[in-house]
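Take a look at the letters that make up each chain.
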Amino acid sequence: MARGSRGNARTPRAGLGFLKLVPAGRISLNVLPMDVTADAARRFLVARQMLAPSRSLDGGPDGVLEVFRRLGSIQFDPLSVAGRSHDLVLHARVAGYDPAWCDSLYERQEIFEAYNKGLSLVPTSEFPWFRGVLAVSSRRILAQHPDVAERVVERIRAEGPLTALDFERRQGSLVDWFGAPTNVVRAVLEASAVTGVLGLARREGNRRYYDLIERLVPPDILAHKVPLREQLRYKLLSRYRAHGLLGVSGPDIFGGLGRAKHDPELPESPGRTALREELIEDGELVPVTVEGVRGKRFVLREEVDLLKAPPEPGQSAAFLPPFDALVWDRALLGSLFGFEYVWELFVPPAKRRWGWYVLPILFGDRLVGRIEPRIDRAESRVTVLDVWWEDGFDPRRDEGFVEAMLDALRAYLHFAGVSRLEWAPQLELERKLFRSLS
């Protein structure tokens, strides 16, 4: 396989693995492929996702940084009817999680927003690998409106962080920004952030304050240039690090990394397939066959021992948001967990089977149901609109579940900053089971 130049940046390693002789003096670090049972794969996933038990990391900003250290990035979504997605990810893993902990890391520029399987929060130290080099749409916007781009940057340089509302709206001048019309200034601001000219200094609700990237990222990190090939390799590996047991494909899982095969328009990139083969050859990824799951899966080399002997998950419960890495691979949820998950936000109400913002309920290493909570801070309450239990699961009879669910609900009330829990009228069973919180 032609490998070309990779520059000086290398994907961090965590041990040498097993050596195997290869021709021409090269050292291959392949670890032998593995076969695992479905039970072992489930226990492994919840353990490496820090969900066995749930909320087990020490609280505080250091606990939040530990999640970033292990998963690499967390998808961001500002929708907050049940809590913002990244906050729910952290709430499920960090004891007593307070959204202010993540917000403070954001304000101190220890984490930043980048595109990695959608908008994500990423440690600032990884900025060189997340520059928007493949941002074709963003670069086109800037090329079409150079005068606006120059004016926006110069005003921010002079005045400091600004939002789109601080600029005059250009009447009648719209562009197509990821499928939605928006005014030119807003599009230029976002394009400048994607391409690394600007960055987000802070958010106030859904309002974003943009500043010059050199004011937000330390000079040594900003000066570190990584070749496109290495960026793509690193970000491909980051998807496997975030989930733990991905395959070679899946809707949206590998978005933003170019095509599977070589794209002549990107001569520096050999394509995702070649980069994945390179990661396997170098021993960064180890092929895995999972009982009852179609196709090869891949595990990080440093997690092979955990996959060989995963711990028992214990009896804890957690609520998982739609962008939690554990639920990225919907096909795997079906084949490994026997759980069908559809985010019905864009499904017409009459056609929804569940609700439009529903959180899967994890108990041990099983997905046993789904819950639809709504936070009302003005009334200091969480209202559970509905609960759906999986076929064959009885919350009254599964040992340890009532206590685990009570603990999860108490933690959720603390996370939401409210004092009361209310159940919709049809949830009489749940009201009785968890009466101590009603």
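Residues numbered from 1 in each chain as written. Predicted model: local features only at pLDDT ≥ 70, side-chain atom pairs only at ≥ 80, totals over all residues. Heavy atoms only, no water.

K.L.:
What exactly am I supposed to notice about the packing of helix H5 (residues 136-144) against helix H7 (residues 184-194) here?
P.N.:
The description of two packed helices rests on the angle between their axes and on the distance between the axes. One can describe the packing of H5 onto H7 by two numbers: an axis separation of 9 Å at closest approach and a directional angle of 130 degrees. Between H5 and H7, the angle is such that the two are oblique. Considering how the two elements wind past one another, H5 and H7 form a crossing that is left-handed. Only Ala187, Val188, Ala191, Ser192 and Val194 of H7 make contact with H5, whose side of the interface consists of Ser138, Ile141 and Leu142. (Axes fitted to C-alpha atoms, helices over the stretch in contact; angles between N-to-C directions. Helix = DSSP H or I, 4+ residues; strand = E, 2+ residues; numbered from the N terminus. Parallel < 35°, antiparallel > 145°, perpendicular 65-115°, else oblique. Left-handed = near helix turned anticlockwise from the far one by under 90°. Contact = heavy atoms within 4.5 Å.)

K.L.:
Teacher, can you tell me more about unusual backbone geometry here?
P.N.:
Peptide bonds are mostly trans, and most non-glycine residues show a negative phi. With an omega of 0 degrees, the peptide bond running from Ala52 to Pro53 counts as cis. Checked against the element boundaries, Pro53 lands in the loop between helix H1 (38-48) and helix H2 (61-71). The backbone of Ser380 sits at a positive phi, close to 55 degrees, despite the residue not being glycine. Within the fold, Ser380 resides in the loop between strand S15 (366-376) and strand S16 (381-389). Look at Ser380 and you get partly exposed, because its relative accessible area is 23%. (Buried < 20%, exposed > 50% of the residue type's maximum accessible area, 1.4 Å probe, protein only.)

K.L.:
Honestly, empty space enclosed by the protein in this entry has me stumped. Any pointers?
P.N.:
Take a probe with the size of a water molecule and roll it over the atoms, and the empty space left behind shows itself. Applying the stated criterion across every chain, the model contains one cavity of 30 Å³ or more. As for the largest cavity, its lining consists of Leu71, Ser73, Ile74, Gln75, Val89, Ala242, Phe323, Asp324, Ala325 and Trp328. For the lining of the largest cavity, the per-class residue count stands at seven nonpolar, two polar and one charged. (1 Å grid on protein atoms, 1.4 Å probe; cavity = no way out; pocket = protein on both sides within 12 Å on 5 of 7 lines; lining within 4 Å. Points joined across faces, edges and corners; volume = space filled by probe spheres on them. Nonpolar A, V, L, I, M, F, W, Y, C, P; charged D, E, K, R; others polar.)

K.L.:
Before we go on, may I ask you to explain the sheet that holds strand S4 (residues 74-75) in this structure?
P.N.:
Within a sheet, each strand pairs with its neighbour through backbone hydrogen bonds, oriented either parallel or antiparallel. Read across the sheet, three strands follow the order S4-S6-S5 without closing on themselves; strand pairing throughout is antiparallel. Whereas interior strands pair on both sides, the edge strands pair on one side only; in this sheet they are S4 and strand S5 (111-115). Looking at chain direction, S4 and strand S6 (residues 119-123) are connected through two bridges and run antiparallel. Note that in S6 the partner of Ile74 across the bridge is Leu121. Where helix H4 (residues 99-107) meets the sheet, it contacts S5 and S6, and its direction lies at approximately 85 degrees from that of S5. (Pairing = 2+ DSSP bridges.)

K.L.:
Hey, could you run me through the packing of aromatic side chains in this one?
P.N.:
The geometry of an aromatic ring pair is captured by two quantities: the separation of the ring centres and the angle between the planes. Inspection of the entire model under this criterion finds 19 aromatic pairs. Relative to Phe401, the ring of Phe363 lies with its centre 5.1 Å away and its plane at 80 degrees, an arrangement referred to as edge-to-face. In this pair, Phe363 sits in strand S14 (residues 359-363) while Phe401 sits in helix H14 (residues 401-416), placing the two residues 38 residues apart along the sequence. The pair formed by Phe363 and Phe401 is uniform in burial state, with each residue classed as buried. Residues Trp423 and Phe434 carry aromatic rings whose centres are separated by 5.8 Å and whose planes lie at 25 degrees to one another, so their mutual orientation is stacked. (Phe/Tyr/Trp six-rings, centres within 6.5 Å; stacked < 30°, edge-to-face > 60°.)

K.L.:
Explain the side chain of Glu372 to me, please; I cannot follow it from the model alone.
P.N.:
On the secondary structure map, Glu372 appears in strand S15. Within polar-contact distance, the side chain of Glu372 engages the side chain of Arg374 at 3.1 Å. Once residues within four sequence positions are removed from consideration, Glu372 is found in contact with Gly355, Trp356, Tyr357, Val358, Thr383, Val384, Leu385, Asp386 and Trp388. (Polar contact = N/O pair within 3.5 Å; in protein donor to acceptor, adjacent residues only side chain to side chain.)

K.L.:
Help me understand the environment of Gly63, please; the structure alone is not making it clear to me.
P.N.:
Mapped onto the secondary structure, Gly63 falls in helix H2. Judged by relative accessible area, which is 7%, Gly63 ranks as buried.

K.L.:
What's the story with the confidence of the model for the protein in this structure? I'm lost.
P.N.:
Low-pLDDT stretches of the model should not have their predicted coordinates read in fine detail. Looking at the protein as a whole, its pLDDT mean stands at 88, while 89% of the residues score no less than 70. Below a pLDDT of 50 lies the segment residues 1-27, which in the model reaches 56 contacts outside its immediate sequence neighbourhood of four places, other chains included. (pLDDT = per-residue confidence, 0-100.)

K.L.:
Looking at this model, I keep getting lost on the pairing of strand S9 (residues 198-204). Mind explaining?
P.N.:
The side chains of a regular strand alternate, residue by residue, between the two faces of the sheet. Burial analysis of S9 places five of its seven residues in the buried class, the great majority of the element. Alignment of S9 against strand S10 (residues 207-212), held across six bridges, turns out to be antiparallel. The residue bridging Leu200 from the neighbouring strand is Tyr210, located in S10. Linking S9 back to S10 in an antiparallel pair, the connection comprises two residues, with Gly205 at a positive phi of about 65 degrees.

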